[in-house]
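# Summary of structural features
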Amino acid sequence: MGNQVGLLSDDDDSSDNSDINNYINFTVNAMELEMRNTCYHTNQLPKIRGEPNLQKFQGSDMYKEIRALSGFASKPLNDRWNLLHALQQRENGLAAPGTASFSQNQQRYISNLYIPNKKSLRLMSLDSKVFVTKFDKSGDKLLIACQDGFVRIYDGAKGTYHLLNRIRARDVEWSIIDADFSPNGQNFAYSTWSRSFFIMPVNGTEDDCQWIDVHGLPNLRLAIFSLRYSPTGDTIIGGSNNSMVIVTDIQTRATQILRTHRMPGTDVNSVSYLHDKNPNVIIAGCDDGLIKVFDLRTSFRSRELSRAVVSLVGHYDGITYIDSRNDGYYVLSNSKDQSIKLWDLRQPSNTRNCSRTRQERLDLSMWDYRWNRVPQSFYDPRKAMDGDSSIMTYRGHRVTKTLLRAKFSPLEQTGQRFIYTGCSTGRIIIYDVLTGRIKEAIEGHRNVVRDLDWHPVRSEIVSGSWDSHVHLNNFNRNNANRSEKRQQSSDQDKRPLRRSRRLANRGTPD
């Protein structure tokens, strides 16, 4: 998750320990005060030099599928939509032959014109940093977990978001780090800085909590940074420190360990299942920038290093989040190197270049993303890393302080046309998948947006921030008009100036 801090041994002088502890406390308090006093929505987004490289992506199946699902199968991306013309075609039966309405792709095209672009409401103000913001699969329930040790369940079915349940979590040493709903939406699991998975019913109380301890490990401090329910609901996987992916059977409470590296010095910051119909293939994002895909049917044969079926190389720094497109082939990764990458698992990286790319990562990653400024080289990379097999890279957001999440927009509603992510400037950044450009940058939070979730049915995003607030973001017509004017002005500024031949041939005055 981050750089490790060395601790003094017990036989050191006690006065020295006291002085060092006072210094550390003073430093941390000063950092917290600076973060609270910083107005994050006035921070500028990083300036990215160069245009997105679409060459590999435009030749992929994903690009063609998203174009079709978004209603661009037979029209250019910059084609302007005319409401009267669309309604006329629908009334004449020309919009979708065989039906009296628009086709699903045409409906997504219209829906994508009204994606969230502005904070509309502060849903809640809590007493501590918000770490988890997540809808269940149907969107009927919203889970909010933060550093105060409570899990809150809200009604997301009708958009009222009134409180359904408030449950005190157990063994919260520092914070609830991650949580996930079961496939049926009746239970949820959460993880903390402890060696256990915790499972609770959505409508239950603290007394209904069940926990599964991870046994057979040395007496080291264990943290589970990411967890996911299996598609069948009988297994939970978790990404942990010490290069471990923990696989737990809920019924038998048995745990198995996948080793992502031979040496236990690399955290596993994110885990995910590749497809919601396949409980056997999982993805792990590591703190050294590597992404590994494991088949649970064959990966437990070695105790030192679990065999990965696919390894992906391309990030210069640690992975913060992984999201699958849920088609069995494509995934995205968010990274501390300030980029989001798309991957096709049918195009694995050449692992022979791992030794060389490891040195390249060391040259650029000697910084702590929790405190230090981002190296400018991350925003202006001279070249892709040797062995980089990603098909697309998105840059423009800032990843610092915590493990920020990035996700695909809902399939049924948007055709996965967008990628949305939190940002350390306090914004919500929405990328257009097809162009690689930022579509929207929603302001409103005053600290890092760690987690956010797009409602599966409605065009709204709920975001949770370290400013202790949870916001509802949706479409605002006035804000859309201003964005369009800024885009037109930007396009005009990029056009070359016109000069007459007489002025062009005039010499400079003495």
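Residues numbered from 1 in each chain as written. Predicted model: local features only at pLDDT ≥ 70, side-chain atom pairs only at ≥ 80, totals over all residues. Heavy atoms only, no water.

An unreviewed UniProt entry lists the chain under the name DDB1- and CUL4-associated factor 11, with Drosophila pseudoobscura pseudoobscura given as the organism.

## Some points on the sheet that holds strand β12 (residues 244–249)
Operational definition: At least two DSSP bridges between two strands are required for those strands to pair. Counting from the N terminus, the helices are the DSSP runs of H or I reaching at least four residues and the strands are the DSSP runs of E reaching at least two. Fitted lines through C-alpha atoms give the axes, limited to the stretch in contact for helices. The angle between two N-to-C directions lies from 0 to 180 degrees.
Pairing is antiparallel in the open sheet, where four strands are placed in the order β10-β11-β12-β13. Two strands bound the open sheet, and with one partner strand each, they are β10 (224–229) and β13 (255–259). Across the sheet, the mean angle separating the axes of adjacent strands is 20° when strand polarity is ignored. In this structure, strand β11 (residues 235–240) lies alongside β12, joined through six bridges in antiparallel fashion.

## Quick word on the pattern of salt bridges
Heads up, the condition is: By convention in these notes, a salt bridge is any Lys or Arg side-chain nitrogen within 4 Å of a carboxyl oxygen on Asp or Glu. Relative accessibility decides the category of a residue: with a 1.4 Å probe and only protein chains considered, values under 20% of the type maximum give buried, values over 50% give exposed, and everything between is partly exposed.
Here the structure, examined in full by the defined rule, presents 19 salt bridges. For the salt bridge of Asp180 with Lys134, the shortest nitrogen-to-oxygen distance reads 3.6 Å. Pair noted here: Asp180 is in strand β6 (residues 178–181) and Lys134 is in strand β2 (residues 130–135), with a separation of 46 residues, a long-range link. Of the two residues, Asp180 and Lys134, both sit in the buried class. Here Asp368 makes a salt bridge to Arg370, at a shortest N to O gap of 2.8 Å. Residues joined in a network through salt bridges with shared partners are Asp178, Arg228, Arg405, Lys407, Asp451 and Asp453.

## Considerations on the side chain of Thr421
Put simply, the test is: Think of a polar contact as two N or O atoms within 3.5 Å of one another; within protein, one of them needs to be a possible hydrogen donor and the other a possible acceptor, and neighboring residues in sequence only count if both atoms come from side chains. Residue contacts are defined here by distance: any two heavy atoms, one from each residue, within 4.5 Å place the two residues in contact.
Residue placement: Thr421 occurs in strand β23 (residues 418–422). A polar contact of 3.0 Å, which involves the side chain of Thr421, links it to the backbone oxygen of Arg405. Residue contacts for Thr421: discarding those within four places in its chain leaves Asn334, Ile340, His397, Arg405, Ala406, Arg427, Ile428, Ile429, Tyr431 and Leu452.

## Regarding the sheet that holds strand β25 (residues 438–442)
Pairing within the open sheet is antiparallel, and its four strands lie in the order β22-β23-β24-β25. With one partner strand each, in any of the chains shown, β22 (406–408) and β25 form the two edges of the open sheet. Here the average twist between neighbouring strands, direction ignored, is 20°. Relative to strand β24 (residues 428–432), β23 is paired through five bridges, and the arrangement is antiparallel.

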